[in-house]
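Analysis of the macromolecular model
Letter by letter, the chains look like this.
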Amino acid sequence: SKDHGVYGDIDSNNNHDVFGFPNPLPLLEDKVTLAQTFHKAGYHTAAISANLLVLRSNLGLRKGFQYISNSKSIGAVYTAVPFGPIFHIFCFISNFGNKYVKYYRTADDIMKESLKVIERFKGAPFFLFVNYFDSHGPYLAPRKYSGYYLNKLFPQLYRLKIFFLQYLGRLEDAQRDFYQKSQYDGEIDFVDTQLGNFFDKLKSQGLYDNSLIVVTSDHGEAFGEHGLYWHRDLMYNGVAYVPLIIKFPFNHTVGREDKLVSLCDVYPTILSIAGLTDRNIGYAKEKGISAERVFSEFNAFETGVQRVMYEGKYKYMHFEKNRPPELYDIEADSKESKNLVDQLPEVVLKMDKALKKWAAIQRFRDPNSSNREKMSDERLETLKALGYIQ
């Protein structure tokens, strides 16, 4: 969101990364993070991240954390030794030693370190940010989980078949999409198991009931829908929809809200529940926008700034360049296969006007800022290891 200044801008100076996406600008200095607020209120604060790009010092998201763990996985060691490539190929093909293939720390290691950090707090109130990276490309589910969603008698042999068909250039798109989706689902299952183990440990230590726990994500993934893959492209629902699970303190009620919710509401919601603000409001109400509307924004090389608005059963997508608007009835057409722009011009006009109003109140960062981040060799190496660059 441009409201806090974390965005990038593609301009004539070609200030973008190797994918054509804008390099991010740091968080505006006057913006206060959750960690800062909790630290000021007397909480211990810590961040443990598997994604090496999230907590880089130049992005400003470290503010307020007393302890930060943002290290590489043991798998990174094997990129620096002569036998590394051979060992990696063996682990990748066989799926033995899955952890030694990965540049990032796996969910079980993140969970173990999180418990160690909590132990250091010795019962004092704490704010803990934990980031998992397993349910993410290049989709390398641990061996135990890699066959759960394949429905194959010998899943590891099928894995070898996929590998060699891809190597020979004979892997069909449908077969590839099915396999990658099965591995992604296996990764989600693995993370879910580790979260369950983490919560069990919190319960055994008497910390679960009185804790506020929020589980969410920054994006989903595309597996061939609309001809797209991964997540850094068009904001169809496969990418835009994310989980949001909240466990309130001393509350065992289970339920589901069937309404539009934005991740922008997570920040004030956490502060409100923790009693660290006198305003029980969300982002939409704070901006004077109807709570029945949710907005998203993404800046890509091909389409420029693309903005999306949800209202009721409709979803409207507007692109800065190279692509006409799109409108979908997401209740009747969950796969977003029928563009209704020509059939419903009144709806398009109404939503386009509301979207422009929302865009007008966003505070843009100066595109000529001297704080632009340049692509360093270290970041390039990290992006390659995480699978963003082949």
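This text follows the structure it describes.
Residues numbered from 1 in each chain as written. Predicted model: local features only at pLDDT ≥ 70, side-chain atom pairs only at ≥ 80, totals over all residues. Heavy atoms only, no water.

1. Looking at the overall build of the protein chain
Selection rule: Strands here mean DSSP runs of E at least two residues long; helices mean DSSP runs of H or I at least four residues long; both are numbered from the N terminus. Relative accessible area decides the class of each residue, using a 1.4 Å probe on protein chains only: under 20% of the type maximum gives buried, over 50% gives exposed, and in between gives partly exposed. Contacts were defined at the residue level, with two residues in contact if any of their heavy atoms lie within 4.5 Å. Only the protein chains shown count as cover for residues, and the accessible areas themselves come from Shrake-Rupley with a 1.4 Å probe.
Per the secondary structure count, the protein chain includes 11 helices and 11 strands. Expressed as a percentage of its 390 residues, the buried residues of the protein chain come to 46%. Intrachain contacts of the protein chain at a sequence separation of at least 6 include 63% that bridge at least 24 residues. Total accessible area on the protein chain stands at roughly 21500 Å², and carbon and sulfur atoms take up 54% of it.

2. Quick look at a nonpolar patch on the surface
The condition is simple: Each patch is built from residues lacking any salt bridge and having more than 30% relative accessible area; the joining distance is 9 Å for like charges and 5 Å for nonpolar side chains (Val, Leu, Ile, Met, Phe, Trp, Tyr). Any carboxyl oxygen of Asp or Glu within 4 Å of a side-chain nitrogen of Lys or Arg constitutes a salt bridge here.
Side chains of Leu244, Ile246, Phe248, Val261, Leu263 and Ile273 sit close together on the surface and give an oily, nonpolar patch of about 430 Å² of accessible area. Residue position: Leu244 is located in strand 7 (residues 244-247). Leu244 gets classed as partly exposed once you look at its relative accessible area, which sits at 33%.

3. Some words on the pattern of salt bridges
Counted by the stated rule, this structure contains 12 salt bridges. Linking Arg293 and Glu311 is a salt bridge whose minimum nitrogen-to-oxygen distance equals 2.9 Å. A residue pair is termed long-range when its members are at least 10 positions apart, and Arg293 in strand 8 (residues 293-300) and Glu311 in strand 9 (residues 304-311) qualify at 18 residues. Linked through salt bridges whose partners overlap, the residues forming this network are Lys99, Asp108 and Asp109.

4. Description of helix 5 (residues 155-167)
Since the α-helix packs 3.6 residues into each turn, any two residues three or four apart lie on the same face. We apply this condition: Take the residue count of a helix, subtract one, and multiply by 1.5 Å to get its expected span.
Given a rise of 1.5 Å per residue, 13 residues ought to cover 18 Å, and the 18 Å separating the end C-alpha atoms of helix 5 matches this to within 8%. For helix 5, every residue scored as buried is listed here: Gln156, Tyr158, Arg159, Ile162 and Leu165. Of the residues trailing helix 5, Gly169 is marked for its positive phi of about 75°.

5. Quick notes on unusual backbone geometry
Residue Pro138 is bonded to the preceding Gly137 through a cis peptide linkage, with omega at 10°. Its location among the elements puts Pro138 in the loop between strand 3 (126-131) and helix 4 (143-146). A positive phi is found at Lys122, a non-glycine position, where the angle reads about 50°. Inspection of the secondary structure assignment puts Lys122 in the loop between helix 3 (107-121) and strand 3.

6. Considerations on the side chain of Thr106
What counts, and what does not: Contacts described as polar in this section are N or O atom pairs within 3.5 Å, which, within protein, must combine one atom able to donate a hydrogen with one able to accept it, while residues neighboring in sequence count only if both atoms come from side chains.
Along the chain, Thr106 falls in the loop between helix 2 (84-94) and helix 3. Looking at Thr106, its side chain comes within polar contact range of the side chain of Asp108, at 2.5 Å. Excluding residues that lie within four positions of it along the chain, Thr106 makes contacts with Lys99, Asp134 and Phe190.

7. Details of the side chain of Glu311
For Glu311, a relative accessible area of 17% translates into the label buried. With residues near it in sequence (within four places) discarded, Glu311 still touches Leu260, Glu292, Arg293, Lys350 and Met351.

8. Concerning the sheet that holds strand 1 (residues 44-49)
So the rule is basically this: Criterion used throughout: strands pair if DSSP finds at least two bridges between them. Think of each axis as a best-fit line through the C-alpha atoms, taken over the contacting stretch in the case of a helix, with angles from 0 to 180 degrees between the N-to-C directions.
Spatially, 2-1-3 is the arrangement adopted by the 3 strands of the open sheet, whose pairing is parallel. Two strands in the sheet have a free side with no partner beyond their single neighbour: strand 2 (67-69) and strand 3. The mean angle between the axes of side-by-side strands here comes to 5°, regardless of whether they run parallel or antiparallel. Its contacts with the sheet place helix 3 against strand 1, strand 2 and strand 3, and it is angled at close to 170° to strand 1.

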